[in-house]
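Observations on chain architecture
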Amino acid sequence: MSITSTPKTATIDHAALISRTLARAFDDDPMMRWFFPDDASREAELGRYFTTIFTRQYVHHGVCEHTEAAAAFWVPAEAQAKAVPDAETIQELQNILGDRAPLFRDAVETVAQHTPQEPHWSLSVIGADPAAQGQGHGAALLRSGLAKADAAGLPAYLESSKPSNLPFYEHFGFTVREELRLPGDGPLLWAMRREPRRPA
């Protein structure tokens, strides 16, 4: 029996499930491997990282949805200014990242310089547990968020550091706008944008 891929709103009560799912989903992500290079501790560190950004940031200012095996964090246009980490969150992330914290800070600053200035919906995080990939979980979450962006008449924006994910996003109408090399010999990031569509 396959697990359900119907998106549901994520609340703070789902933090443990969501952080576990995303830690597994991002284990092979080039950017996360760069921030968390130790294979032995990566899953635990990723779990703490996603717990922190979900419970302190996105659950309050974003549109967070999940299935039983995937999660997505969107930031609507009107919440962009609020969905930035406060000083306490930044400190917590620095503690998790340890000596990789300066790389993380430089990467965030670099990406911020290339983020669109016009109103848009931003897909901050999306991932599915590898054990359930190919079962439509990520697609269901992407469709749900894009429907909201379309209803608002706004473009959608994301960054991906995993080249194998680009065709998946292109299937949903995203196009690569820019290629960014993260500082400190970091991985490549692809900035992608999708124009709004009329709601069906």
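Residues numbered from 1 in each chain as written. Predicted model: local features only at pLDDT ≥ 70, side-chain atom pairs only at ≥ 80, totals over all residues. Heavy atoms only, no water.

Focus: helix 6 (residues 137–151)
- Counted at 1.5 Å a residue, the expected span for helix 6 with its 15 residues is 21 Å, and the 22 Å between its end C-alpha atoms agrees.
- Along helix 6, 11 of the 15 residues are buried, which leaves the element largely enclosed by surrounding structure.
- When helix 6 is considered as a whole, its buried residues turn out to be His-137, Gly-138, Ala-139, Ala-140, Leu-141, Leu-142, Ser-144, Gly-145, Leu-146, Ala-149 and Asp-150.
- Summarising the contacts, the buried residues of helix 6 are in contact with strand 2 (63–66), strand 3 (70–75), strand 4 (121–128), strand 5 (156–160), helix 7 (166–171) and strand 7 (188–194).
- Of the residues trailing helix 6, Gly-153 is marked for its positive phi of about 70°. (Helix = DSSP H or I, 4+ residues; strand = E, 2+ residues; numbered from the N terminus. Expected span 1.5 Å × (residues − 1). Buried < 20%, exposed > 50% of the residue type's maximum accessible area, 1.4 Å probe, protein only. Contact = heavy atoms within 4.5 Å.)

Some words on helix 3 (residues 42–61)
- Its 20 residues place the ends of helix 3 27 Å apart at the C-alpha level, agreeing with the 28 Å of an ideal helix rising 1.5 Å per residue.
- Maximum bend of helix 3: about 45°, positioned at Phe-54.
- Looking at helix 3, one finds that the buried residues are Arg-42, Leu-46, Gly-47, Tyr-49, Phe-50, Thr-52, Ile-53, Phe-54, Gln-57 and Tyr-58. (Bend = angle between axes of the 7 residues up to and from the residue.)

Remarks on the side chain of Thr-67
- With respect to the helices, strands and loops of the structure, Thr-67 is situated in the loop between strand 2 and strand 3.
- From its side chain, Thr-67 meets the backbone nitrogen of Ala-69 in a polar contact 3.1 Å long.
- A polar contact of 2.7 Å, which involves the side chain of Thr-67, links it to the side chain of His-137. (Polar contact = N/O pair within 3.5 Å; in protein donor to acceptor, adjacent residues only side chain to side chain.)

Nothing here speaks to function; it is all geometry.
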